[in-house]
Amino acid sequence: VLAALAGPTLFMLYGDFIRRGSSIVAYPYQYKLSYWGGIAQSLIFWGILLYAASYRARSKIGRFVSGSMAGLFFMLFVVIMGTAGAFHAMWNTYLCIDGQLHSKNIVQSLVGTLPLGRPLVAFHYLMAAIAGGTLLVIARTLVRPNKWAWALCVWLVPISFAASTQIPTSYRGIQASPPDALYIHGYTAVSKEHLAKIPYFQQRFELKVESPDLRVQRRKPEPVPALTANPSRPRNVLLILQESQRGDVVCIEPDKRCDKSTPWTNAAAPNRHPLLQMRSNASTTAISISNIWSGVRPTESRELLHSVPLMWDYANAAGYDTAYWTSQNLMFGNARQYIQDLPISRGCVGTTVDSAADLDAGANDELVTARVKEDWGDLKEPFFAVVHYSNNHYPYVFEEELAPFRPHSFEKGADKNSEYINYYRNVVYRSDLTVAELVRSIRATESGKRTVIVYTADHGESFREHWQMGHTSALYDEEVLVGAWVDAPPGTLSEAEESTLRRAKNELVWHLDLGPTLLDLLGLWDDPKMASFKARMIGHPITRPERTLGPVPMTNCTWVWECSFRNWGLMQGARKIEAREWDHTYHCFDVLADPDERVDLGERGCAPLPDLARELFPAMPNVTPPGRPVTDWGK
């Protein structure tokens, strides 16, 4: 009888040890206590529910209650166990609060917003249904509840369920809790998040919205018709995307001395075409990659930003093999949903290569390089692929043996700013080493000799240049001027493309130009069936002479990702305007004449951009946050 009641937990424990048994055995003592405490809680939760479902009542009310308990057990078991197994099969980690918060659809959150039609996912739900049904039949056969004990258990069911929502779990880094506890903890959090938006619940239970709602949601890409690729030369295309990498720490142009943080890629791609004036249209990763991968403005509607095809969709429609590898931990802020339905044949995410990947800095970049090298030979030419690194993101992945910039310190105090910058430069130096290894490895393969590499970073990083630290907080050049280059083996570009790229060295270009550039390299830009998709893109291929001359939006507040606080900007040529939510006016800078952006030319100096910006972005409330310094350039 006890074995029958413990069956649900034993089933879960068996599956968990198959997936990560060696890790559980190696947990430090305190984490083992956490895990086995969760198992004890699981035994109580499932045991009480299964006991209540096992009573063979004679009365109609008793049969109804017992049947309801059986239905509740089966439903919860299939949803929780099926979701846990399927989620781990896809992402090599369990669904927890990090992967649940910010989810706009609370119904889809019940199943972790998983693609239920995918065979791998459906298999785990089927196995959970078979196991749940079998356990229920066994319990109803072997367990003979006493009437009064059964009645007590029925009353204990809601109590045990409520208690399960309150028990804390270990969910970040080391998931030292069973998968059912992680699921319940996460879904409780997302439920509270939604209830907190309803005034009654907000006041009655004193709920607070712990996180903003506007995070990337699951895409529903519109179909792309069959496309015909006609590149100027036979080639594959690879986009290498770095994280949080300022333009001024990169040797963008080939430099034999290269005393900056990227000597390794400088040596690995000596014949690259530099783009010295490349700017991101945001300093937030989710917005930046949306700009690059879709080519559409960040100011578009939520519906468009979540339905517009991405570069993989176009490439797949043209018969290209496609891949996406990243060290980013995509559990952060629902980021996994943005790439979940990509048509790719090869790939990985941070948790795939390291289940304990840091939520912000991701898995170690070298693990992703190793995975790309392993998969590279399986790609069928022609192909389109993206390698997306993450270790330059705070809290940074640092290694003392790879730290040439000294003195360095991880202390953020103003008196340690220069040392903190050196620390960051060492972080970039370390990541660059593995990026260079990737480039060299690719160039040593046969397909690599036919692969054009486009390199850039999602955004930069600020160190008090204009008061702020890190990124997402502003649109000054320390956060948006990024390194970028194109490396093309002989014969992979036409003479016209090479000539155009050489001329683009000092020309103003934006991430919104990169989508069209990738499409041109794939030979899709001139396909007549691309007309409706191109109409939404304001950028131009950098591989062609025409440049983007109209106003270019820049913002960290979009329907893909809400900002910590609002900030907006526009650029047209070298003139840039920017403002943050406490500003009553837009600041105007000439980024070529004043690269440090210290001389505010006033709104007239950038007319008509301020008026255009007010049409695009919300009104500025002119709220000054505590502690903001008063400066001549920040009035």
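Note that the structure is predicted; figures quoted are calculated from it, not measured.

Asker: Where do I start with the overall build of the protein chain in this structure?
Answerer: Counting its secondary structure elements, the protein chain contains 22 helices and 15 strands. Projected onto its principal axes, the C-alpha positions of the protein chain cover 85 × 60 × 50 Å. Within the protein chain, buried positions represent 58% of all 635 residues. The long-range share in the protein chain, meaning contacts at least 24 apart out of those at least 6 apart in sequence, stands at 74%.

Asker: Any chance you could explain helix 2 (residues 7–25) here in plain terms?
Answerer: Because each turn of an α-helix spans 3.6 residues, side chains separated by three or four positions in sequence point in the same direction. Taking 1.5 Å per residue as the helical rise, helix 2 with its 19 residues ought to reach 27 Å, whereas the 22 Å between its terminal C-alpha atoms falls clearly short. Within the sequence span of helix 2, burial applies to G7, P8, T9, M12, L13, G15, D16, R20, G21 and I24. Packing partners of the buried residues in helix 2 comprise helix 1 (2–5), helix 3 (29–53), helix 4 (60–91), helix 6 (119–142) and helix 8 (179–195).

Asker: Whenever I open this one, the packing of aromatic side chains confuses me. Can you help?
Answerer: The way to describe two aromatic rings as a pair is by their centre distance and the angle between their planes. Tallied over the entire structure, the rule returns 36 aromatic pairs. Aromatic pair F45 and W46: ring centres 4.9 Å apart, planes at 80°, arrangement edge-to-face. Overall, F45 belongs to the buried group, its relative accessible area being 4%. Three or more aromatic residues link up through ring pairs in this structure, and these residues are Y394, Y396, F398, F410, Y420, Y423, Y424 and F463. It is K534 that lies over the ring of W525; its NZ or CZ is 4.5 Å from the centre.

Asker: Is there a simple way to think about the pattern of salt bridges in this case?
Answerer: Side chains bearing opposite charge may pair, as long as their charged atoms lie close to each other. What the rule picks out here adds up to 30 salt bridges. One salt bridge connects R235 with E497, and the closest N-O pair in it is separated by 2.9 Å. Linking R235 in the loop between helix 9 (199–204) and strand 1 (236–242) with E497 in helix 19 (residues 495–503), this pair joins segments that are 262 residues apart in sequence. You can call R235 buried: its relative accessible area is 4%. Assessed through its relative accessible area of 7%, E497 is described here as buried.

Asker: What should I look at first to understand the packing of helix 2 against helix 6 in this one?
Answerer: When two helices pack together, their arrangement is given by the angle between the helix axes and by the axis-to-axis distance. Two elements in contact, helix 2 and helix 6, have axes whose closest approach is 10 Å; the angle formed by their N-to-C orientations is 150°. Between helix 2 and helix 6, the interaxial angle falls into the category roughly antiparallel. For the element pair helix 2 and helix 6, the recorded crossing hand is right-handed. Where helix 2 abuts helix 6, its residues G7, P8, F11 and R19 lie against H124, M127, A131 and L135. Each residue belonging to the contact of helix 2 with helix 6 can be placed in one class, and the counts come to five nonpolar, two polar and one charged.

Asker: Sorry, what's going on with the state of the cysteines here?
Answerer: Disulfide: a covalent bond formed between the sulfur atoms of two cysteine residues. Evaluated as defined, the whole model comprises two disulfides. Bridging C251 to C258, the disulfide has an S-S length of 2.0 Å. One disulfide, between C251 and C258, carries an S-S torsion of 110° and so falls in the right-handed class. Here C251 falls in the buried class, since its relative accessible area comes to 6%. Judged by its relative accessible area of 7%, C258 falls in the buried class. Note on cysteine connectivity: C588 is disulfide-linked to C606, with sulfurs 2.0 Å apart. The S-S bond linking C588 to C606 shows a torsion near 75°; that makes this disulfide right-handed. Separated by 18 residues along the polypeptide, C588 in strand 15 (residues 587–590) and C606 in the loop between strand 15 and helix 22 (609–616) bring together distant segments of the chain.

Asker: Would you mind showing me how to read helix 22 here?
Answerer: Looking at helix 22, one finds that the buried residues are L609, P610 and A613. Angular distribution of buried residues about the axis of helix 22 spans 95°; they occupy a single face of the element. The outward face of helix 22, more than 90 degrees from its buried face, is lined by the exposed residues D611 and E615. Those residues of helix 22 that are buried lie in contact with strand 13 (567–572) and strand 14 (575–580).

Asker: Whenever I open this one, a nonpolar patch on the surface confuses me. Can you help?
Answerer: The grouping of F123, L126, M127 and I130 at the surface amounts to a nonpolar patch, some 360 Å² of accessible area in total. Residue classification places L126 among the partly exposed positions, given a relative accessible area of 48%.

Asker: I keep staring at the sheet that holds strand 6 (residues 383–388) and nothing clicks. Help me out?
Answerer: In a beta sheet, neighbouring strands pair by backbone hydrogen bonds and run either parallel or antiparallel. What the seven strands build is an open sheet, ordered 2-10-7-1-6-4-5; its pairing is mixed. Where the open sheet ends on each side, the last strands, each with one partner, are strand 2 (273–274) and strand 5 (346–348). Across seven bridges, strand 1 lies against strand 7 (residues 451–457) in parallel orientation. Bridge pairing links N236 to T451 in strand 7. Across the sheet, helix 17 (residues 417–443) lies against strand 1, strand 6, strand 7 and strand 10 (484–487), angled at about 175° from strand 1, the strand it touches most. Where helix 20 (residues 514–521) meets the sheet, its contacts fall on strand 1, strand 6 and strand 7, and the angle it forms with strand 7 comes to roughly 175°.

The rules we used
- Residues numbered from 1 in each chain as written.
- Predicted model: local features only at pLDDT ≥ 70, side-chain atom pairs only at ≥ 80, totals over all residues.
- Heavy atoms only, no water.
- Helix = DSSP H or I, 4+ residues; strand = E, 2+ residues; numbered from the N terminus.
- Buried < 20%, exposed > 50% of the residue type's maximum accessible area, 1.4 Å probe, protein only.
- Contact = heavy atoms within 4.5 Å.
- Expected span 1.5 Å × (residues − 1).
- Phe/Tyr/Trp six-rings, centres within 6.5 Å; stacked < 30°, edge-to-face > 60°.
- Lys NZ or Arg CZ within 6 Å of the ring centre and 35° of its normal.
- Salt bridge = Lys/Arg side-chain N within 4 Å of Asp/Glu carboxyl O.
- Axes fitted to C-alpha atoms, helices over the stretch in contact; angles between N-to-C directions.
- Parallel < 35°, antiparallel > 145°, perpendicular 65-115°, else oblique.
- Left-handed = near helix turned anticlockwise from the far one by under 90°.
- Nonpolar A, V, L, I, M, F, W, Y, C, P; charged D, E, K, R; others polar.
- Disulfide = S-S within 2.5 Å.
- Arc of directions from axis to C-beta.
- Patch = residues over 30% accessible without salt bridge, like charges linked within 9 Å, V, L, I, M, F, W, Y side chains within 5 Å.
- Areas by Shrake-Rupley, 256 points an atom, 1.4 Å probe, with all protein chains shown as cover.
- Pairing = 2+ DSSP bridges.

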